[in-house]
Amino acid sequence: MSVVEEHRAYSPSSLGFAVVTVSDSRTEATDTGGARIRDLAVAAGHRVAHSEIVPDEVDEILGGLDRALTHDGVDVVVLTGGTGFSPRDHTVEAVAPRFEAEVPGFGELFRMLSHREIGAAAMLSRATAGLVDRRVVFLLPGSPKAVELAMRELILPEAGHLLGQIRRAPTCS
């Protein structure tokens, strides 16, 4: 058994997701990115424990994160929107200081995969991930295509593995 296979043995098979859409203009009817996250999570055998839309304001974003983290059974929080460079993009500034540990490979891999689809414009994404209260928090662009890419290629395949590692009981050597 490889080390990765051994680590995956500690991975939960079903995760609870919370989705927070950060937008000044989206509504439940027009939140295609948030809907895509929810659909992909459920299709992969997970559950959605919480979902909401918040304005792109630091206090509102942090409130959305806090509400997501207080729901029972939430293992993964995905925030979509507000990760670019426009003056209204505040998600990274709001949430990243709350990270107890960053998952730097997530942003790097996301931009690499995005580059294959959209070229050099991929560098304009500040997608990132980190750990908060033994949960993993992903910050994604608002584009439905970007959300789909992140969910299919990175989040769904590895979130359980990551959670299994951070929740694994320490061993004495």
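Residues numbered from 1 in each chain as written. Predicted model: local features only at pLDDT ≥ 70, side-chain atom pairs only at ≥ 80, totals over all residues. Heavy atoms only, no water.

## Some remarks on unusual backbone geometry
Stage number 1. One non-glycine residue with positive phi stands out, namely Asp133, at about 50°.
Stage number 2. Within the element layout of this structure, Asp133 appears in the loop between β5 (128–132) and β6 (135–140).
Stage number 3. Backbone geometry places Arg134, a non-glycine residue, at a positive phi of 60°.
Stage number 4. Along the chain, Arg134 turns up in the loop between β5 and β6. (Helix = DSSP H or I, 4+ residues; strand = E, 2+ residues; numbered from the N terminus.)

## A closer look at helix α6 (residues 144–167)
Stage number 1. The sharpest bend along α6 comes to roughly 45°, located at Ile155, with the proline Pro157 sitting one to four residues further on.
Stage number 2. Of all the residues in α6, the buried ones are Ala146, Val147, Leu149, Ala150, Met151, Leu154, Ile155, Ala159, Gly160, His161, Leu163 and Gly164.
Stage number 3. Of the residues that open α6, the one with a side-chain oxygen 3.2 Å from the backbone nitrogen of Lys145 is Ser143. (Bend = angle between axes of the 7 residues up to and from the residue. Buried < 20%, exposed > 50% of the residue type's maximum accessible area, 1.4 Å probe, protein only. Polar contact = N/O pair within 3.5 Å; in protein donor to acceptor, adjacent residues only side chain to side chain.)

## Some words on the side chain of Asp89
Stage number 1. As for its position among the elements, Asp89 is in the loop between β3 (76–80) and α4 (91–95).
Stage number 2. A polar side-chain atom of Asp89 sits 3.2 Å from the main-chain amide nitrogen of Gly84.
Stage number 3. In contact with Asp89, other than residues within four places in its own chain, are Asp56, Gly82, Thr83, Gly84 and Arg126. (Contact = heavy atoms within 4.5 Å.)

## Comments concerning the sheet that holds β3
Stage number 1. Read across the sheet, 6 strands follow the order β2-β1-β3-β6-β5-β4 without closing on themselves; strand pairing throughout is mixed. Of all strands in the sheet, those with a lone pairing partner are β2 (47–54) and β4 (101–102), marking the two edges.
Stage number 2. Summarising the sheet, strand β1 (residues 16–22) and β2 pair through 7 bridges and their orientation is parallel. Its bridge partner being in β2, Ala18 is matched across the sheet by His50.
Stage number 3. On top of the sheet, helix α3 (residues 58–70) reaches β1, β2, β3, β5 and β6; it is set at about 165° to β2, its chief contact. (Pairing = 2+ DSSP bridges. Axes fitted to C-alpha atoms, helices over the stretch in contact; angles between N-to-C directions.)

## Examining the packing of aromatic side chains
Stage number 1. Using the criterion set out here, one finds 2 aromatic pairs in the structure.
Stage number 2. Pairing Phe106 with Phe110 gives two aromatic rings, centres 6.3 Å apart and planes at 20°, and the pair type is stacked. Taken as a pair, Phe106 and Phe110 lie in helix α5 (residues 104–118) at a separation of 4 residues, close to a single helical turn.
Stage number 3. An aromatic cluster of at least three residues, connected via ring pairs, comprises Phe106, Phe110 and Phe138. (Phe/Tyr/Trp six-rings, centres within 6.5 Å; stacked < 30°, edge-to-face > 60°.)

## A short note on the nonpolar core
Stage number 1. Phe17, Val76, Phe106, Phe138, Leu140, Met151 and Ile155 are the most contacted members of the largest nonpolar core, which totals 26 residues.
Stage number 2. Counting only elements with at least two residues in this core, the list comes to β1, α2 (32–43), β3, α5, β5, β6 and α6.
Stage number 3. When residues in this core are grouped by element, the largest group, 9 residues, is from α6.
Stage number 4. The contacts of Val76, once residues within four sequence positions are left out, are Leu15, Gly16, Phe17, Ala18, Arg135, Val136, Phe138, Ala159 and Leu163.
Stage number 5. Ala68, Val92, Val132 and Leu139 belong to the second-largest nonpolar core, a separate cluster that totals 18 residues. (Core = buried A, V, L, I, M, F, W, Y, C linked by side-chain atoms within 4.5 Å.)

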